[in-house]
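# Notes for the structure review
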Amino acid sequence: MMKATVLYEGKSHQWIVFGRDPEKSPSIIDTNQFMVMDDNNAVLLDPGGIELFAPMLAAVTDWVDIDNIRTLFASHQDPDIISSLGLWDRTLTDATLYAPWVWESFLKHFGCSTITYSPLPDEGDTITVGNMELTFVPAHYLHSSGNFNVYDATSKILMSGDIGAALLPPDAPLFVEDFDAHISKMKLFHQRWMPSNKAKNDWVQRVRKLDIEYMAPQHGAIFAGDLVPRFLDWFEALEVGIAVEG
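Structural notes, computed from the coordinates.

## Considering the side chain of Asn-32
Relative to the helices and strands, Asn-32 is located in the loop between β2 (14–19) and β3 (33–38). Of note is the side chain of Asn-32, whose polar atom sits 3.0 Å from the backbone oxygen of Pro-217. From its side chain, Asn-32 meets the backbone oxygen of Gly-220 in a polar contact 3.0 Å long. Not counting residues within four places of it along the chain, the set of residues in contact with Asn-32 comprises Val-17, Phe-18, Arg-20, Asp-46, Pro-217, Gln-218, His-219 and Gly-220.

## Some thoughts on the packing of helix α5 (residues 179–193) against helix α7 (residues 227–237)
Two elements in contact, α5 and α7, have axes separated by 12 Å at closest approach and are oriented at 45°. Considering the angle they form, α5 stands oblique to α7. Note on packing geometry: the crossing formed by α5 with α7 is right-handed. The residues of α7 that touch α5, namely those facing Phe-179, Asp-180, Ile-183, Met-186, Lys-187 and His-190, are Leu-227, Arg-230, Phe-231, Trp-234 and Phe-235.

## Thoughts on the nonpolar core
Ranked by internal contacts, the top residues of the largest apolar core, which has 31 residues, are Trp-203, Phe-223, Phe-231 and Phe-235. Contributing elements (two or more residues each) for this core: α5, α6 (197–208) and α7. It is α7 that contributes the most residues to this core, 6 residues altogether. When neighbours within four sequence positions are excluded, Phe-235 is seen to be in contact with Leu-142, Ile-163, His-190, Met-194, Lys-200, Trp-203, Val-204 and Val-240. Core analysis: the next-biggest nonpolar cluster, separate from the first, contains 29 residues, Leu-44, Ile-69, Leu-97 and Ala-99 among them.

## Structural notes on the sheet that holds strand β8 (residues 125–129)
Read across the open sheet, the 6 strands follow the order β8-β9-β10-β11-β12-β13; overall the sheet is mixed. Two strands in the sheet have a free side with no partner beyond their single neighbour: β8 and β13 (223–224).

## Overview of the sheet that holds strand β4 (residues 41–45)
Within the open sheet, the 7 strands sit side by side as β1-β2-β3-β4-β5-β6-β7. Their pairing is mixed. If you trace the sheet from one side to the other, it starts and ends with β1 (3–9) and β7 (116–120), each paired once. The average angle at which neighbouring strand axes cross in this sheet is 20°, direction not considered. Pairing between β1 and β2: 6 bridges, direction antiparallel. What sits directly across from Glu-9, in β2, is Gln-14. Of the strands in this sheet, β2, β3, β4 and β5 (69–73) are in contact with helix α1 (residues 53–60), which crosses β2 at around 150°.

## Digging into the pattern of salt bridges
The full count for this structure, using the stated rule, is 6 salt bridges. Taken together, the shared-partner salt bridges in this structure form one network comprising Arg-208, Asp-233 and Glu-236.

## Digging into the packing of aromatic side chains
Inspection of every chain in the model, using the stated rule, returns 13 aromatic pairs. Summarising the aromatic geometry, the rings of Phe-53 and Trp-88 are spaced 4.9 Å apart at their centres and angled 80° between planes, so their arrangement reads as edge-to-face. One end of the pair, Phe-53, is in helix α1; the other, Trp-88, is in helix α3 (residues 85–91), and 35 residues separate them in sequence. On the basis of relative accessibility, which here comes to 11%, the residue Phe-53 falls in the buried class. Here Phe-175 and Tyr-214 contribute two aromatic rings whose centre-to-centre distance is 6.2 Å and whose plane-to-plane angle is 55°, an arrangement assigned as tilted. Here the residue Phe-175 occupies a position in the loop between β11 (157–161) and α5, and Tyr-214 occupies one in strand β12 (residues 214–217), the gap between them amounting to 39 residues. Under the relative-accessibility criterion, Phe-175 is labelled partly exposed at 30%. One aromatic cluster in this structure is built from Phe-179, Trp-203, Phe-223, Phe-231, Trp-234 and Phe-235.

## As for the packing of α6 against α7
It is at 9 Å that the axes of α6 and α7 come closest, and there the two elements cross at 160°. One way to sum up the angle between α6 and α7 is to call them roughly antiparallel. For the crossing formed where α6 meets α7, the hand is left-handed. The segment α6 lies against α7, with Lys-200, Asn-201, Trp-203, Val-204, Val-207 and Arg-208 engaging Phe-231, Leu-232, Asp-233, Phe-235, Glu-236 and Ala-237.

## Some remarks on α7
Inspection of α7 places Leu-227, Val-228, Phe-231, Leu-232, Trp-234 and Phe-235 among the buried residues, and these make up the whole buried set. Down the axis of α7, the smallest arc covering the buried residues is 165°, so these residues share one side. Structurally, α7 contributes buried residues whose contacts are with α5, α6, β12 and β13.

The rules behind each value
Residues numbered from 1 in each chain as written. Predicted model: local features only at pLDDT ≥ 70, side-chain atom pairs only at ≥ 80, totals over all residues. Heavy atoms only, no water. Helix = DSSP H or I, 4+ residues; strand = E, 2+ residues; numbered from the N terminus. Polar contact = N/O pair within 3.5 Å; in protein donor to acceptor, adjacent residues only side chain to side chain. Contact = heavy atoms within 4.5 Å. Axes fitted to C-alpha atoms, helices over the stretch in contact; angles between N-to-C directions. Parallel < 35°, antiparallel > 145°, perpendicular 65-115°, else oblique. Left-handed = near helix turned anticlockwise from the far one by under 90°. Core = buried A, V, L, I, M, F, W, Y, C linked by side-chain atoms within 4.5 Å. Buried < 20%, exposed > 50% of the residue type's maximum accessible area, 1.4 Å probe, protein only. Pairing = 2+ DSSP bridges. Salt bridge = Lys/Arg side-chain N within 4 Å of Asp/Glu carboxyl O. Phe/Tyr/Trp six-rings, centres within 6.5 Å; stacked < 30°, edge-to-face > 60°. Arc of directions from axis to C-beta.

See below:
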């Protein structure tokens, strides 16, 4: 059974993290899926790969009626976050997918005949769902050429996609506990998958302006409190896109 953890609970809405599935095949990368709820409204963020659809559906419906899921988000095109789209398309009766405009014709290969595709412009956008306001923050080339994060000013959560990702065992803690030890789990990933120092630095400058309590990546553990600016300092100093050097 996929584990569900409440990341934030306020008066108006909740953030829930789904992951650490003990029945997941060891041959596929571990992922974090997110749901934001406000009364009877639910938003799925990077809802996962096709192989996770069944446990995700079971986990999500423990929290919300399926008919109340009307909004989805895909940060980019990778199958580990959105290849389940075709199955959600058959399950949800009235939903909209917000995703980068540049990936629309690619993502629709997964299946998107019932769900409405709402293409995000490069500069990002803000949507209101119930009482929730979610901002799509540009994170282009980190690692995808069309890529976005999600920021919620009320909960002070930045869902950062592959930025901050780490390759951890399934039983690892959900939150980063020792930053120095955590570096070895994420350094090579960022150097190999992030191709542009210019894009990286642009993102760091943009994100430093946000009030962030939790930075929640798609893989690995969540950064909380003082570890958020510490990650930004580390990432800013890191040389990325080095796979072809030498």
